[in-house]
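Okay, here's what each chain looks like letter by letter:
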Amino acid sequence: MQIQKGLSNIAYSNVSVDGVAGEQTKAAIRRFQKHYRLPETGEPDMAVLKKLQDIGAL
């Protein structure tokens, strides 16, 4: 849920904060990973969480 909240906070408006990593969440994670040059897995992992924290989204 933290990753979804962070994505939502930085204008990924199609992400529901429901704790379920569905297709919309995974697509948003992939876009986020691509933008920040992280491995594009689409999975809500620690690298995504750390980057969201580093940029102040959480």
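A brief structural summary. (Residues numbered from 1 in each chain as written. Predicted model: local features only at pLDDT ≥ 70, side-chain atom pairs only at ≥ 80, totals over all residues. Heavy atoms only, no water.)

## Some remarks on the environment of Glu-23
Short version of the rule: Labels follow the DSSP assignment, with helices taken as runs of H or I lasting at least four residues and strands as runs of E lasting at least two, numbered in each case from the N terminus. Only protein chains enter the area calculation, which uses a 1.4 Å probe; residues under 20% of their type maximum are buried, those over 50% are exposed, and those in between are partly exposed.
Topologically, Glu-23 is positioned in helix 2 (residues 23-35). Since its relative accessible area comes to 60%, Glu-23 is described here as exposed.

## Details of the packing of helix 1 (residues 2-9) against helix 3 (residues 46-54)
Geometry of a packed helix pair, given as the angle between the helix axes and the separation of the axes. Condition: Axis definition: a line fitted to C-alpha atoms, limited for helices to the stretch in contact. Angles are taken between N-to-C directions and run from 0 to 180 degrees. Throughout, the term roughly parallel applies to angles under 35 degrees, roughly antiparallel to angles over 145, roughly perpendicular to angles from 65 to 115, and oblique to all others. Left-handed describes a crossing in which the near helix is turned anticlockwise from the far one by less than a right angle; the clockwise case is right-handed. In this description, contact between two residues means that some pair of their heavy atoms is separated by no more than 4.5 Å. Polarity classes work like this: nonpolar for Ala, Val, Leu, Ile, Met, Phe, Trp, Tyr, Cys and Pro, charged for Asp, Glu, Lys and Arg, and polar for all others, with Gly in that last group.
Look at helix 1 against helix 3: their axes get within 10 Å of each other, and the N-to-C directions meet at 40°. It follows that helix 1 is oblique to helix 3 by the angle criterion. Our pair here, helix 1 against helix 3, has a crossing hand that is left-handed. Across the interface between the two elements, Gln-2, Ile-3, Gly-6 and Leu-7 from helix 1 touch Val-48, Leu-49 and Leu-52 from helix 3. The class makeup of the residues in the contact of helix 1 with helix 3 is 5 nonpolar, 2 polar and no charged.

## Some words on the packing of aromatic side chains
Where we set the bar: For Phe, Tyr and Trp, where Trp contributes only its six-membered ring, two rings pair if their centres lie within 6.5 Å, and the inter-plane angle classes them as stacked under 30 degrees, edge-to-face over 60, or tilted in between.
Here the structure, examined in full by the defined rule, presents 1 aromatic pair. Judged by centre distance (4.8 Å) and plane angle (45°), the rings of Phe-32 and Tyr-36 are tilted. Owing to a relative accessible area of 0%, Phe-32 belongs among the buried residues under this scheme.

## A look at the pattern of salt bridges
To be explicit about the condition: Here a salt bridge means any side-chain nitrogen of Lys or Arg lying within 4 Å of a carboxyl oxygen belonging to Asp or Glu.
What the rule picks out here adds up to 2 salt bridges. Note that Glu-43 is salt-bridged to Lys-26, the shortest N-O span being 3.5 Å. You can see Glu-43 sitting in the loop between helix 2 and helix 3 and its partner Lys-26 sitting in helix 2, a full 17 residues away along the chain. Under the relative-accessibility criterion, Lys-26 is labelled partly exposed at 21%.

## Overview of the packing of helix 1 against helix 2
In the contact formed by helix 1 and helix 2, the axes pass within 11 Å of each other and the chain directions differ by 65°. Pair helix 1 / helix 2 crosses with left-handed handedness. Contacts between helix 1 and helix 2 involve Ile-3, Gln-4 and Leu-7 on the former and, on the latter, Thr-25, Ala-28, Ile-29 and Phe-32. Its residues assigned to classes, the contact of helix 1 with helix 2 shows 5 nonpolar, 2 polar and no charged.

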